[in-house]
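Chain and residue survey
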Amino acid sequence: MATLLNTIEDAKARDICREHGDRPDELLEILHSVQEAQGYLTDGALRTIAHALNISRAEIHGVVSFYHDYKREKGAAQTIKICRAEACQAVGANDLISEAEKHFKTQLDGKSAGVALEATYCLGNCALGPAVMIDGELYGRVDMKRLLSISDNHKGREA
Amino acid sequence: MSVKVYVPCDAAALSMGADAVVEALESAAPDVKIIRNGSRGMLWLEPLVEVETANGRVAYGPVTADDVAGLLKAGMLESNDHKLCHGLTEEIPYFANQERLTFERVGVTDPLSLSDYQTHGGLKGLEKALKLQPQAIVDEVKVSGLRGRGGAGFPTGIKWQTALAQDQDQKYLCANADEGDSGTFADRMLMEGDPFSLIEGMVIGGRAIGADTGYIYIRSEYPHAIRTMRRAIHIMEDAGWLGTDIKGSGTTFNLYVRVGAGAYICGEESSMLESLEGKRGQVKVKPPIPAISGLFNKPTIVNNVLSLAAVPYILSKGGKAYADYGQGRSTGTQPFQLAGDIARGGLVEKAFGVTMNELLNDFGGGTRSGKPIKAVQAGGPLGGFVAPADFDMAMGYESMAERGAMMGHGGLVVFNSDTNMGSMARYAMEFCEIESCGKCTPCRIGAVRGKETIEKIMRGEDQVKNVEVLEDLCDLMETASLCAMGGLTPMPVRSALKQFPEDFMGTASEAAE
Ligand SMILES: Cc1cc2nc3c(=O)[nH]c(=O)nc-3n(C[C@H](O)[C@H](O)[C@H](O)COP(=O)(O)O)c2cc1C
Ligand code: SF4
Ligand code: FES
């Protein structure tokens, strides 16, 4: 399967590269755009990008693996980013994470089909922690009750 | 005339439901004119809603969507009393007792209104700079004594001088908006609340060093700031304050936003420049310093957002006016950020020299939980823990260093008495493990060993020997790491171990909890 995908040209990725002038220095922006459009970075997309920017596939894999943002597999239906940096720890982020793990039956940074929990290290909301982000929206002073209602709210919008 | 009501669009305000408040206001009082401003920085009051009156803006907060009907009924628009009313915003002591130079407009204006910006003093610095020769601009910055707000505190004017001296056609100016330190959010608030001031500072910097291209490298965790900065750049381009031959001055400056991808190390400048070239964010060996050979091997200045945003004031009011604030070689003001378990968390811009105690207690009001403060981490994840006995320290680069503390990006994270400092030390090592760029062994491997060793100590295994192992490891990381990630991670670890040994040495059963 992987080798088959490997040979597939990704038209969307090709377009995105072109929009960025096929410039290798815009690689991070290109990866962000492709991931936003397709949810994660497929073999076909990486191959196409490497070709369009005229860089080696080893190079592109090196970049993709270096940065925490880039995903190589399809994600969960919903991903909740929970801040576990110091200021949020100081107001109970670790307890929130344990409770959420139990409730959603998953581990922080583990795999999940339904709701996934992703650790993040500061969302810039350190005076109003614990902080959480879903679909690019930021929440402050999050406890378990609030987390569940935020999560449901986003599910409603995603549906 | 309809009443003007301000509801912030700052991400922290949004995180507490500011948009829902706007919706509730719009449907219950369709006549009011709602303005989305930045945040005043009194984050515990967010969403902070302000009603404009003849005497000034009156503050209500924290306001939820459910409060809106009651507030309107109680006569909020006629500024009647209510339990959520705090009187005139600018008379709230937290706000009134600050010295707002860099954050002068944040929370006051509509962030994307260029006319608002100009009415409140914006563009005066740039207008002046466009008439000055590059050397005169650099001199003014030198006079101000401005030091880099990204952490290292290097004098900005001296750095600019080095770049100016490079005889090259292509140079770059980059704003470091990677703001990865926990407990810091000033860059974010400035970009969301007064984006034009960063742009103005960068155009001035571009003219000063001879760079015609600029980048703002913003971390991906800041989607709101990214959107606001991109819009602000378009507005400045349309108004002729960015682009070719700006206002006939001969200065050309084009500015682009680039988004990070979740890597703390990309805040380190050489790593950031690699990332801007589309590569892995690996730290590079210096020399050469970026001011001589940086982005695409061209002379490049990297400055923190707050350093650059201080420049318009320095040009418009004069370097001397800026240097009149502060203490010793720490001139001017620092936007401090109060975070963690703190009753009144937020942003406090004060001249250097204010004490930690004033920030934590007079401004911050102690802990939010009501428990005593156990320690404060100053200067981000690589900064040491400060115990209450040292809270009398003055906040300044030298005065803090004397006590083994660090200014960093001006963040203070408050921990209450429930905190186990052994766990915090373990976390410091773990954070280094997760975020190490992997280039050098003391950091890459040392952090993993450090974390394991602290776990052993906390489990009660061979404590004396393992503390020795930990100390050795810290020595090695401090002396042999290429950058401050590995080099300073021992700071929080050692300061925790030294001041709170009982949190490491507790009996095995305690630690296992
Ligand atoms: C691990 C590490 C992380 C850093 N993170 C940041 C950051 O997020 N923002 C920043 O402005 N500087 C950061 N710095 C400091 C930069 O390397 C650099 O000194 C700074 O951007 C220079 O700008 P300034 O002179 O205006 O402070 C970091 C340094 C290290 C070693
Ligand atoms: S100290 Fe750590 S982060 Fe810095 S260069 Fe070495 S491995 Fe990279
Ligand atoms: S530490 Fe959690 S938002 Fe900054």
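Cut-offs and rules
Residues numbered from 1 in each chain as written. Chains lettered and ligands numbered in written order. Predicted model: local features only at pLDDT ≥ 70, side-chain atom pairs only at ≥ 80, totals over all residues. Heavy atoms only, no water. Near = heavy atom within 4 Å. Nonpolar A, V, L, I, M, F, W, Y, C, P; charged D, E, K, R; others polar. Helix = DSSP H or I, 4+ residues; strand = E, 2+ residues; numbered from the N terminus. Polar contact = N/O pair within 3.5 Å; in protein donor to acceptor, adjacent residues only side chain to side chain. Contact = heavy atoms within 4.5 Å. Buried area = accessible area lost by both parts, 1.4 Å probe. Salt bridge = Lys/Arg side-chain N within 4 Å of Asp/Glu carboxyl O. pLDDT = per-residue confidence, 0-100. Core = buried A, V, L, I, M, F, W, Y, C linked by side-chain atoms within 4.5 Å. Buried < 20%, exposed > 50% of the residue type's maximum accessible area, 1.4 Å probe, protein only. Pairing = 2+ DSSP bridges. Axes fitted to C-alpha atoms, helices over the stretch in contact; angles between N-to-C directions. Parallel < 35°, antiparallel > 145°, perpendicular 65-115°, else oblique. Left-handed = near helix turned anticlockwise from the far one by under 90°. Arc of directions from axis to C-beta.

A separate point is the site of ligand 2. Neighbouring residues of ligand 2: 13 residues in total, closest Cys437, Lys439, Cys440, Cys443 and Cys483 of chain B. Of the residues in the shell around ligand 2, the class split is eight nonpolar, four polar and one charged.

Turning our attention to the side chain of serine 15 of chain B. Note on placement: serine 15 of chain B falls in the loop between α1 (11-14) and α2 (18-28). Polar side-chain contacts of serine 15 of chain B include one of 2.9 Å to the side chain of asparagine 125 of chain A. Aside from chain neighbours lying at most four places away, what touches serine 15 of chain B is Asn125, Leu128, Leu138, Tyr139, Gly140 and Arg146 of chain A.

Taken residue by residue, the interface counts 39 residues in chain A and 61 residues in chain B. Carbon and sulfur atoms supply 55% of the area that chain A and chain B bury against each other, a total of about 3,700 Å² over both sides. Looking at the side of chain A facing chain B, the largest losses of area belong to Phe66, Glu86 and Tyr121 of chain A, adding up to 19% of the total buried there. Ionic pairing is found between glutamate 430 of chain B and arginine 84 of chain A, a salt bridge with its closest N-O pair at 2.9 Å. Counting across the chain A and chain B interface gives 26 residue pairs in polar contact (both at pLDDT 80 or more). Broken down by secondary-structure element, the contributors of at least two residues to the side of chain A that touches chain B are α3 (27-38), α5 (57-66), α6 (86-89) and β4 (137-139) of chain A. When grouped by side-chain class, the residues that make up the side of chain A that touches chain B number 20 nonpolar, 10 polar and nine charged.

Residues and elements named next belong to chain B. In the predicted model, chain B carries a mean pLDDT of 96, and the fraction of residues at 70 or more is 98%. Throughout residues 508-513 the model reports pLDDT below 50, and contacts reaching past four residues in sequence, or to other chains, amount to four contacts. The ipTM, which scores confidence in the relative placement of chains, is 0.96 for this predicted complex, and the corresponding pTM is 0.97.

What follows concerns the nonpolar core. Counting 150 residues, the largest nonpolar core has Ile49 of chain A together with Trp160, Met191, Leu198, Ile199 and Ile216 of chain B as the members making the most contacts within it. Looking at which element gives the most residues to this core, the answer is helix α13 (residues 305-317) of chain B, with nine residues. Discounting residues that sit within four places of it in the chain, tryptophan 160 of chain B has contacts with Ile137, Val138, Val141, Gly205, Ala208, Ile209, Ile301, Asn303, Leu308 and Val311 of chain B. Counting residues in hydrophobic clusters, the runner-up holds 31 residues, among them Leu338, Ile342, Phe391 and Tyr397 of chain B.

For the rest of this paragraph, the subject is the sheet that holds strand β6 (residues 172-177) of chain B. Adjacent strands of a sheet form backbone hydrogen bonds with each other and so pair up, either parallel or antiparallel. Sheet architecture is open: four strands sit in the order β8-β7-β6-β9 (chain B), paired in parallel fashion. Whereas interior strands pair on both sides, the edge strands pair on one side only; in this sheet they are β8 (254-259) and β9 (300-304) of chain B. Between one strand axis and the next, the sheet turns by 20° as a mean value, whatever way the strands run. Pairing of β6 of chain B with β9 of chain B involves five bridges; the strand directions are parallel. Of the residues in β9 of chain B, the one forming a bridge with alanine 175 of chain B is asparagine 303 of chain B. Packed on one face of the sheet, α3 of chain A meets β7 (213-218) and β8 of chain B and runs near 55° to β8 of chain B. Taken strand by strand, helix α11 (residues 223-238) of chain B contacts β7 and β8 of chain B, and its axis lies near 165° from that of β8 of chain B.

What follows concerns the pattern of salt bridges. Residue and element names in this part refer to chain B. Throughout the structure, instances matching the rule amount to 42 salt bridges over all chains. A salt bridge links arginine 403 to aspartate 392; its shortest N-O distance comes to 2.9 Å. Placement of the pair is arginine 403 in the loop between α16 (397-402) and β16 (411-416) and aspartate 392 in the loop between β15 (385-386) and α16, with a sequence separation of 11 residues.

All names here are of chain A. As judged from the six bridges shared by strand β1 (residues 78-83) and strand β2 (residues 115-120), these two strands associate in the parallel manner. Following the sheet pairing, cysteine 83 is matched in β2 by threonine 120. Pairing of β1 with strand β3 (residues 132-134), which is carried by three bridges, proceeds in the antiparallel orientation. Within β3, the position partnered with lysine 81 by the bridge is methionine 133.

With that out of the way, let us pick up the environment of arginine 344 of chain B. Residue and element names in this part refer to chain B. For arginine 344, the location among the structural elements is in the loop between β12 (333-340) and β13 (346-351). Residues in contact with arginine 344, not counting those within four places in the same chain, are Trp44, Tyr94, Leu338, Asn361, Asp362, Phe363, Gly364 and Gly365. Of the polar contacts made by the side chain of arginine 344, one reaches the backbone oxygen of aspartate 362; its length is 3.1 Å.

Turning our eyes to something else, we now look at the sheet that holds β1 of chain A. Residues and elements named next belong to chain A. As summarised here, the arrangement of the four strands in space is β2-β1-β3-β4, forming an open sheet in which the pairing is mixed. Each of the sheet's edge strands pairs with one partner strand only, and the pair in question is β2 and β4. Taken over all neighbouring pairs, the strand axes of this sheet differ in orientation by 25° on average, direction set aside. Relative to β4, β3 runs antiparallel, the two being bridged by three bridges. Its bridge partner being in β4, methionine 133 is matched across the sheet by leucine 138. Sheet strands touched by helix α7 (residues 93-104): β1, β2 and β3. Its angle to β1, the strand with the most contacts, is close to 160°.

All names here are of chain B. Where helix α7 (residues 134-144) meets helix α8 (residues 156-165), the axes come as close as 7 Å, and the angle between the chain directions of the two elements is 160°. With respect to their mutual orientation, α7 and α8 come out roughly antiparallel. As for how α7 packs across α8, the hand of that crossing is left-handed. Taken together, the residues of α8 that come into contact with α7 (itself represented by Pro134, Gln135, Ile137, Val138, Asp139, Val141 and Lys142) are Thr156, Gly157, Ile158, Trp160, Gln161 and Leu164. Along the lines of polarity and charge, the residues of the contact of α7 with α8 split into seven nonpolar, four polar and two charged.

Attention now moves to the environment of aspartate 109 of chain A. Residue and element names in this part refer to chain A. Within the secondary structure layout, aspartate 109 lies in the loop between α7 and β2. For the pair formed by aspartate 109 and threonine 120, sequence separation is 11 residues and the distance between their alpha carbons is 9.6 Å. In contact with aspartate 109, other than residues within four places in its own chain, are Leu117, Glu118 and Ala119. A distance of 3.0 Å separates a polar atom in the side chain of aspartate 109 from the backbone nitrogen of alanine 119.

All names here are of chain B. Regarding α7, the residues found buried are Ile137, Val138, Val141 and Ser144. Relative to the axis of α7, the buried residues are bounded by an arc of 115° and lie together on one face. Looking at the packing, one finds that the buried side of α7 touches α6 (124-129), α8, α10 (195-209), α13, α14 (319-323) and β11 (330-331). With its phi angle positive at about 75°, glycine 145 sits one or two positions after the end of α7.

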